[in-house]
Amino acid sequence: MGLPDEISACLFDLDGVLTETAVLHRKAWKRTFDDFLKHREGPDFRPFSDEDYLDYVDGRPRTDGVRTFLESRGISLPEGGPGDPLGAATINGIGSTKNALLLKVMDEEGVAAYDGSVRYVSAAHEAGLKIAVVTSSANGKAVLEAAGLTRYIRVLIDGVVSAEQGLRGKPAPDTFLAGARALDVSSDRAAVFEDALAGVEAGRAGEFGFVVGVNRSDQAEALRTHGADVVVNDLSDLLER
């Protein structure tokens, strides 16, 4: 499996690691933030960029992503609450707007899993490794079902579970540690698989036995710097190690 011998469990991020939905997230975030910034600053606003996505949003819980990006632009908004209407100028309102756009794009374009990821997860399952998915998304269950991956997954820690348990989002290690606990394995015997810088930081902070960086956005060196033990372009690369 391309992992140290002592590893007995795999904790996979979802969007960008197992499924191609990271692209859909990026589209929804860009439209949401660009619409907000244009309304706030006028036609000469500075658009949300790929670098903004990677630095401030990718891998983080939805409201954390909103807050972190707006702080980078010197913008402070009230938190609001989960019931805020779409388009509301609050942290939760912007987050809800993004999620509505994401669901629309998912419905229009569908959900696909990376072929190499399916091969790897299937091989891990056959090898008897315990498998969990740890994602900031509140749509984890629906995405796994749409991608046909549910049968391999023993534990799902997603945005819904995180809210219920009061877990801090990545780059804090809480969600990955919760996944390890649910699999009844210590962190030093579990491997984390992440494409986001915040995610590999979380894996390192949780003292996991191995952290795999998945290079979907041409940031291999940054993944190593933030805590990845190894960086691959596709999970199937690990099967050839």
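So, how was this worked out
- Residues numbered from 1 in each chain as written.
- Predicted model: local features only at pLDDT ≥ 70, side-chain atom pairs only at ≥ 80, totals over all residues.
- Heavy atoms only, no water.
- Helix = DSSP H or I, 4+ residues; strand = E, 2+ residues; numbered from the N terminus.
- Rg over C-alpha atoms; globule rule 2.2 N^0.38 Å.
- Buried < 20%, exposed > 50% of the residue type's maximum accessible area, 1.4 Å probe, protein only.
- Areas by Shrake-Rupley, 256 points an atom, 1.4 Å probe, with all protein chains shown as cover.
- Lys, Arg positive; Asp, Glu negative; His and termini not counted.
- Charge placed at Lys NZ, Arg CZ, Asp CG, Glu CD.
- Core = buried A, V, L, I, M, F, W, Y, C linked by side-chain atoms within 4.5 Å.
- Contact = heavy atoms within 4.5 Å.
- 1 Å grid on protein atoms, 1.4 Å probe; cavity = no way out; pocket = protein on both sides within 12 Å on 5 of 7 lines; lining within 4 Å.
- Points joined across faces, edges and corners; volume = space filled by probe spheres on them.
- Nonpolar A, V, L, I, M, F, W, Y, C, P; charged D, E, K, R; others polar.
- Pairing = 2+ DSSP bridges.
- Axes fitted to C-alpha atoms, helices over the stretch in contact; angles between N-to-C directions.
- Parallel < 35°, antiparallel > 145°, perpendicular 65-115°, else oblique.
- Left-handed = near helix turned anticlockwise from the far one by under 90°.
- Phe/Tyr/Trp six-rings, centres within 6.5 Å; stacked < 30°, edge-to-face > 60°.
- Lys NZ or Arg CZ within 6 Å of the ring centre and 35° of its normal.

Draft legend 1. Highlighting the overall build of the protein. Check the secondary structure of the protein and you find 10 helices and 6 strands. By the compact-globule yardstick of 18 Å for 241 residues, the protein fits well, its C-alpha radius of gyration being 17 Å. Counting the 241 residues in the protein, one finds 56% classified as buried. Here the protein has roughly 10,700 Å² of accessible surface; of this, 47% comes from carbon and sulfur atoms. Taking the 26 positively charged and 39 negatively charged side chains of the protein as two groups, their mean positions are separated by 2 Å.

Draft legend 2. Expanded view of the nonpolar core. Membership of the largest hydrophobic core comes to 36 residues, with the highest contact counts inside it found for L3, F12, L18, F193, V212, L235 and L238. The element contributing the most residues to this core is helix α4 (residues 91–109), with 4 residues. Sequence-distant contacts of L235, defined by excluding residues within four places in its chain, comprise F12, V17, L18, G116, S117, Y120, F193 and V214.

Draft legend 3. Inspection of the layout of surface pockets at higher detail. What the largest pocket holds in volume is close to 650 Å³. Forming the boundary of the largest pocket are 36 residues, of which R60, P61, R62, S136 and S137 lie nearest the centre. Counting residues per element, the ones that place at least two in the lining of the largest pocket are α1 (21–41), α2 (50–57), α3 (62–72), α4 and α7 (159–165). Broken down by element, the residue count for the lining of the largest pocket peaks at 6 residues, all from α4. Partitioned by chemical class, the residues of the lining of the largest pocket number 10 nonpolar, 16 polar and 10 charged. Looking at the second largest pocket, its volume works out to about 280 Å³. Those elements that provide at least two residues to the lining of the second largest pocket are α1 and α4. Element by element, the count of residues in the lining of the second largest pocket is highest for α1, at 6 residues. A class-by-class count of the residues in the lining of the second largest pocket yields 7 nonpolar, 5 polar and 3 charged.

Draft legend 4. Structural context of the sheet that holds strand β1 (residues 9–12). Taken in spatial order, the 6 strands line up as β3-β2-β1-β4-β5-β6 in an open sheet, and their pairing is parallel. The open sheet terminates on both sides in strands that have one partner only, identified here as β3 (155–157) and β6 (230–232). Strand-to-strand twist of the sheet, defined as the mean angle between neighbouring strand axes without regard to direction, takes the value 20°. Here helix α8 (residues 174–182) sits on the sheet in contact with β1, β2 (130–134), β3 and β4 (190–194), set at roughly 160° to β3.

Draft legend 5. How the structure looks around the packing of α1 against α3. Viewed as axis vectors pointing N to C, α1 and α3 meet at an angle of 45°, and their least axial separation amounts to 13 Å. Here α1 lies oblique to α3, going by the angle between them. Seen from above, α1 lies across α3 with right-handed handedness. Along its contact with α1, which presents W29, F33, F36 and L37, the element α3 presents R62, G65, V66, F69 and L70. Residues that form the contact of α1 with α3 fall into these classes: 7 nonpolar, 1 polar and 1 charged.

Draft legend 6. Highlighting the packing of aromatic side chains. In total, this model carries 8 aromatic pairs according to the counting rule given. On the basis of an interplanar angle of 35° and a centroid distance of 5.0 Å, the ring pair of F33 and F48 is categorised as tilted. Of the two residues, F33 is situated in helix α1 and F48 in the loop between α1 and α2; the sequence distance between them amounts to 15 residues. Considered together, F33 and F48 belong to a single accessibility category, that of buried residues. Pairing F176 with F208 gives two aromatic rings, centres 6.1 Å apart and planes at 70°, and the pair type is edge-to-face. Within this pair, whereas F176 is found in helix α8, its partner F208 is found in the loop between α9 (197–205) and β5 (210–214), the two being separated by 32 residues in sequence. F208 carries the same exposure label as F176, and that label is buried. Among the aromatic residues, those joined into a ring-pair cluster are W29, F33, F48 and F69. Stacked on the ring of Y114, the Lys or Arg R216 has its end atom at 3.6 Å from the ring centre.

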